[in-house]
Structures are given as C-alpha cells and as structure tokens.
Amino acid sequence: MHALPFALATLAAAVLAPPLLRALIDGGHVRANYRERSVAFPFGVLSVVGALAAVLPLALVQQLKWTAVFHQQTLIVVVYVLGVAFLGLVDDTLGGIPRGWRGHGRAALEMQLSTGALKAVGSLALALYAMSYAGLSTGRWLLASAVLVLSTNVFNLLDLRPGRSTKVFALLGVGLTIGAASLRPLWTIGLFAGPALIAGGYDLRERAMLGDTGSNLLGALAGLWLVLSLSGTAQLVALAVLLVVTVYGELRSITTLVERLPLLRQLDSWGRPT
C-alpha cells in the first residue's frame, strides 16, 4: 500500500491540471518562455495542489488504521518539499534582477530584497531542520543537508528549457532505482513525485512553465531520492557532482553546453513541439 500516495496524488494532479491551467491563464498568470510564447506560470503549483488533494483521504486511511500508507520519512519529505516550493513561489512572484548567486549576494550586501538569497538561506534552514529527524550522525546530517540544498539549486539552473528538469529528474530516478534495486525511495517521495511528473508533461509540451516553484520542488525530490538511496560515500560523490554543476552553471551556460553535445541536444529536445 506504500505505492498508494504516488498513485492517488498522480490521479489528483491529472484531474486538477486542466482547470488549474485555465485558472492561471484567465487570471493573467502567464509568462513568455524562451520562444516568447505566453504560457501559464507558475505551473509548478500543481505538484503541491495534487499532493495536498491526496493527503486528506490518505490521512484518514492511516489514522483509522485500515492500512499503513506513509513511510516514516514522509514527514521529512513533506517539510522540505513544501518549504522549498513556497520559497520558489516567493521567487516567482517577487523575484527579478539580479540573478545568480553573485547577483543575489551583492543585493543582500546592499540591503536590498533578494528572493534568491532568501531562497538559499531558507533552503539550508529547511534541509537542516528536516534531516534532523532522520536519526543521522552529525557528519551524515550535514552531508545530507548539503546534498538537498545543492540539488534544489541545480534543478533551478537546469530549468531553462521546457521539460529539461523533469527529464533529468526522471533519468536520475531510473538510475537510482536500478542501482538500489528498490522502489521504496520512490514511494517515500511519491506523494509529490507523481504530480511533479504530470506538471512536467505540460512544461515539456510548452503549455505551461514550472517556474521556481516547480524546479525547486523537483530539485528537492531529487535530493531526497539521492539521500534515501545512497550510502554516505556515494552521497559524497553526488555532492561533488552537484557542486561542479552548480559552479559551471554560475560561470557558464548549461544550455550552450547541451547544444554543443549531439546526444544531450537530442535528449533535451525530445518531446517538445516543433
């Protein structure tokens, strides 16, 4: 029954997606994508709405002791994912120039409102708080928290083309599932993972944009999947990779790199409308 949150939340997101899309467009919540097409924004809120819609019946099932539907780590997932999604929504609604860590850091030093700096500090605080409930040693607690924060930021850097961040999340999940030979981590994050994939489909087809709300959420889920699946040594490797991608994304263009490599370019463009 641990797959039930994934299934029910995915169904809820699929049902709620069309009316949410219309509501965003009718309310003027649109933004031009990289091809200057106006699309619904931020559609990443679907991941939160779908998950919360599923929580009510699931909580009743759990409380009435009909069956256990939530893993013990589900609370950790909910705290971190909802927190960073909210920070992303703040950035989507109030954010703007400057962009990048350097720009946000400069704004913070000049005592200007920087939603990026708020997001960085808030993500770190949420990661440290959420992982404090995982029963880890101090070293592993700090390591897991660092993986969560960097993963959240990396998926923000990736979310510059339709569907890119969702594809990376899906490929990462397949690799982690095969490597761990277990679906347990997926079911643990399934309450949000299913709706995130539904939202990602709309993003890929250029009918909507996830915004930082959605990319933050995907990055949080990816980080949690890494922490739930990998040993301490493997998490160190993952942290190093995330750090390299972060530095590269701050100094260079990830999109330019993707365009230069035929295989990455083909994977990146797959599924988008021509």
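Now for a description of the structure that goes with this document. Computed from a predicted structure; not experimentally measured.

**Describing a nonpolar patch on the surface**
Link 1 in the chain: Together, L257, L261, L263, L264 and L267 line one region of the surface with nonpolar side chains, adding up to about 420 Å² of accessible area.
Link 2 in the chain: The greatest single-element share of the nonpolar patch, amounting to three residues, is contributed by helix α12 (residues 262–269).
Link 3 in the chain: Structurally, the position occupied by L267 is in helix α12.

**Overview of the packing of helix α7 (residues 164–180) against helix α8 (residues 184–204)**
Link 1 in the chain: Viewed as axis vectors pointing N to C, α7 and α8 meet at an angle of 140°, and their least axial separation amounts to 9 Å. With respect to α8, the element α7 is oriented oblique. The crossing of α7 and α8 is left-handed. Residues T166, K167 and F169 of α7 pack against I189, A193, L197, G200 and L204 of α8.
Link 2 in the chain: Split into classes, the residues belonging to the contact of α7 with α8 amount to five nonpolar, two polar and one charged.

**Overview of the pattern of salt bridges**
Link 1 in the chain: Counted under the stated rule, the structure contains six salt bridges.
Link 2 in the chain: One salt bridge in this structure joins R35 and E206, with 2.4 Å as the shortest N-O distance. With R35 in the loop between β1 (30–32) and β2 (38–40) and E206 in the loop between α8 and α9 (211–229), this pair connects stretches of sequence that are 171 residues apart.
Link 3 in the chain: The exposure class of R35 is partly exposed, given its relative accessible area of 31%.
Link 4 in the chain: Through salt bridges with shared partners, a single network forms among R35, R37 and E206.

**Remarks on the packing of aromatic side chains**
Link 1 in the chain: A complete count under the given rule lists four aromatic pairs for this structure.
Link 2 in the chain: Geometrically, the ring pair formed by Y129 and Y133 is edge-to-face, given 5.3 Å between the ring centres and 80° between the ring planes.
Link 3 in the chain: By relative accessible area, which is 45% here, Y129 ends up partly exposed.
Link 4 in the chain: Look at Y133 and you get exposed, because its relative accessible area is 52%.

The rules behind these values
- Residues numbered from 1 in each chain as written.
- Predicted model: local features only at pLDDT ≥ 70, side-chain atom pairs only at ≥ 80, totals over all residues.
- Heavy atoms only, no water.
- Patch = residues over 30% accessible without salt bridge, like charges linked within 9 Å, V, L, I, M, F, W, Y side chains within 5 Å.
- Areas by Shrake-Rupley, 256 points an atom, 1.4 Å probe, with all protein chains shown as cover.
- Salt bridge = Lys/Arg side-chain N within 4 Å of Asp/Glu carboxyl O.
- Helix = DSSP H or I, 4+ residues; strand = E, 2+ residues; numbered from the N terminus.
- Axes fitted to C-alpha atoms, helices over the stretch in contact; angles between N-to-C directions.
- Parallel < 35°, antiparallel > 145°, perpendicular 65-115°, else oblique.
- Left-handed = near helix turned anticlockwise from the far one by under 90°.
- Contact = heavy atoms within 4.5 Å.
- Nonpolar A, V, L, I, M, F, W, Y, C, P; charged D, E, K, R; others polar.
- Buried < 20%, exposed > 50% of the residue type's maximum accessible area, 1.4 Å probe, protein only.
- Phe/Tyr/Trp six-rings, centres within 6.5 Å; stacked < 30°, edge-to-face > 60°.

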